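Fold and geometry: a report
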Amino acid sequence: MGLLKEIFSYGFMTRAFIVGGLVALCASLLGVILVLKRYSMIGDGLSHVGFGALSIAMVMNVAPLSIAVPVVVAAAFFLLRISENGKMKGDAAIGIISSSAIALGVTITALSSGMNADVYSYMFGSVLSMGREDVILSVILSIVVLTIFCLFYDKIFAITFDEAFAKATGTKVDFYNMLLAFLTAITIVVGMRIMGTMLISGLIIFPALSSMRIFRSFKSVMLSAAIISVCCFFIGIIISYAWAIPTGASIVLSNLGIFLIFVLLGKILGRD
């Protein structure tokens, strides 16, 4: 309790808990959809694009989110289009775009300021990187993501399990796939400040995979993933503060620990 009181006595830690909790919730809900649709690595690709965008923002000396949001959203739409036209597999498209974005970001950084503390925090996460304006914008964007997801939950559910049937019933599959890409991009950008561009995809993938080791119904997996994601975020950020390790790394390791526990439980319960 003493440690928790100390943590919440700092404004930057309170901001991190607020934004991080919302991002963890958004990432877990979208993560279940992305894993089921076999788009789970899109988070990794978009986070690398985000690093390139953040590098450009630093050189231009403008607010990072003002550059990263439109760039990552555009990249998400582009990845979706490439995957749908059949000329290039989704994983190949992600690999090309992510590696190119990282190369661009590293080059821009090297030609400008070099690998300073700000760049390190963007790559691996830092609770100190969240300013007041970033918190306000991040909270607004997270609420927008959750609201849109809840409003179109039925349609997203339909395109997740059977796109052909959904299209036959009149559902605008292309529109809802684009909407899913948009929500994922926003979540990635908001989460990069705390998790880091190298680790944000873990916040999307791990909770979904952990839940699927135990639960079978879609709603139970979604609910379990949300609880796991938020709890692992809180545990990870407390560990990060107590032992002075990068925030993103401690959160991902917390998720890894839960995943291994759920794998063991799944075997015990005969879920494999």
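One structure accompanies this document, and this report is about it. (Residues numbered from 1 in each chain as written. Predicted model: local features only at pLDDT ≥ 70, side-chain atom pairs only at ≥ 80, totals over all residues. Heavy atoms only, no water.)

This next bit is on the overall build of the protein chain. When you go through the protein chain residue by residue, the secondary structure sums to 13 helices and zero strands. Buried positions account for 51% of the 272 residues belonging to the protein chain. For the protein chain, restricting intrachain contacts to residue pairs at least 6 apart in sequence, the fraction spanning at least 24 positions comes to 78%. (Helix = DSSP H or I, 4+ residues; strand = E, 2+ residues; numbered from the N terminus. Buried < 20%, exposed > 50% of the residue type's maximum accessible area, 1.4 Å probe, protein only. Contact = heavy atoms within 4.5 Å.)

On to the packing of helix α8 (residues 153–161) against helix α12 (residues 218–243), then. At a minimum axis separation of 13 Å, α8 and α12 run at an interaxial angle of 110°. In this view, α8 runs roughly perpendicular relative to α12, as classed from their interaxial angle. For the element pair α8 and α12, the recorded crossing hand is right-handed. Every residue of α12 that contacts α8 at Tyr153, Phe157 and Phe161 is listed here: Phe218, Lys219 and Met222. The residue inventory of the contact of α8 with α12, partitioned by class, reads five nonpolar, no polar and one charged. (Axes fitted to C-alpha atoms, helices over the stretch in contact; angles between N-to-C directions. Parallel < 35°, antiparallel > 145°, perpendicular 65-115°, else oblique. Left-handed = near helix turned anticlockwise from the far one by under 90°. Nonpolar A, V, L, I, M, F, W, Y, C, P; charged D, E, K, R; others polar.)

Now for the packing of helix α7 (residues 132–151) against helix α10 (residues 173–195). In contact at an axis separation of 10 Å, α7 and α10 are set at 150° when each is read in the N-to-C sense. Here α7 is positioned roughly antiparallel relative to α10, judged by the angle of their axes. When you trace α7 past α10, the crossing you get is left-handed. Residues Asp134, Ser138, Leu141, Ser142, Val145, Ile148 and Phe149 of α7 touch α10, and the partners they reach there are Leu179, Phe182, Leu183, Ile186, Thr187, Val190 and Arg193.

Turning our eyes to something else, we now look at the side chain of Ser211. Locating Ser211 in the fold gives a position in helix α11 (residues 200–212). Separated by 3.0 Å, the side chain of Ser211 and the backbone oxygen of Pro207 make a polar contact. Apart from the residues lying within four places of it in its own chain, the contact partners of Ser211 are Val221, Ser224, Ala225, Ile228 and Phe262. (Polar contact = N/O pair within 3.5 Å; in protein donor to acceptor, adjacent residues only side chain to side chain.)

You will see that Ala244, though not glycine, has its phi angle at about 55°, which is positive. Position of Ala244 among the secondary structure elements: in the loop between α12 and α13 (247–268).

On to a nonpolar patch on the surface. A surface patch of nonpolar side chains, amounting to about 490 Å² of accessible area, comprises Ile261, Leu264, Leu265, Ile268 and Leu269. Counting through the fold element by element, Leu269 comes out in the segment after α13. (Patch = residues over 30% accessible without salt bridge, like charges linked within 9 Å, V, L, I, M, F, W, Y side chains within 5 Å. Areas by Shrake-Rupley, 256 points an atom, 1.4 Å probe, with all protein chains shown as cover. Salt bridge = Lys/Arg side-chain N within 4 Å of Asp/Glu carboxyl O.)

A separate point is the pattern of salt bridges. All chains considered together, the criterion is met by one salt bridge. Of the charged contacts in the structure, one is a salt bridge between Glu163 and Lys37, with a shortest N-O distance of 2.7 Å. Taken together, the residues span a long stretch of sequence, with Glu163 in helix α9 (residues 163–168) and Lys37 in the loop between α2 (11–36) and α3 (42–60) at a distance of 126 residues.

A word on α13. The terminal C-alpha atoms of α13 lie 32 Å apart, and with 22 residues this matches the ideal 32 Å at 1.5 Å per residue to within 8%. Of the residues trailing α13, Gly270 is marked for its positive phi of about 70°. (Expected span 1.5 Å × (residues − 1).)

Applying the stated criterion across every chain, the model contains 11 aromatic pairs. When the centroid spacing of 5.7 Å and the interplanar angle of 55° are considered together, the rings of Phe152 and Tyr176 count as tilted. Taken together, the residues Phe152 in the loop between α7 and α8 and Tyr176 in helix α10 connect sequence positions 24 residues apart. The exposure class assigned to Phe152 is partly exposed, which follows from its relative accessible area of 27%. When the ring of Phe175 is compared with that of Tyr176, the centres are 5.0 Å apart and the planes differ by 80°; the resulting orientation is edge-to-face. Here Phe175 falls in the partly exposed class, since its relative accessible area comes to 45%. Put simply, the rings of Phe149, Tyr153, Phe157, Phe161 and Phe218 touch in pairs and so form one group of aromatic residues. (Phe/Tyr/Trp six-rings, centres within 6.5 Å; stacked < 30°, edge-to-face > 60°.)

With that settled, the discussion passes to α2. Spanning 26 residues, α2 covers 38 Å between terminal C-alpha atoms, matching the ideal 38 Å at 1.5 Å per step. At Leu30, α2 shows its maximal bend, which comes to roughly 25°. The buried fraction of α2 is high, at 19 of 26 residues. (Bend = angle between axes of the 7 residues up to and from the residue.)

Moving on to the side chain of Thr160. Tracing the chain through its elements places Thr160 in helix α8. Under the relative-accessibility criterion, Thr160 is labelled buried at 10%. Separated by 2.6 Å, the side chain of Thr160 and the backbone oxygen of Ile156 make a polar contact. Once you skip the residues sitting within four places of it in the chain, Thr160 turns out to touch Ile33, Leu36 and Lys37.

Evaluated as defined, the whole model comprises zero disulfides. Of all cysteine sulfurs, the one in Cys231 lies closest to Cys232, which takes part in no disulfide; the gap is 7.1 Å. (Disulfide = S-S within 2.5 Å.)

From the geometry alone we can't say anything about function, so treat these as descriptive.
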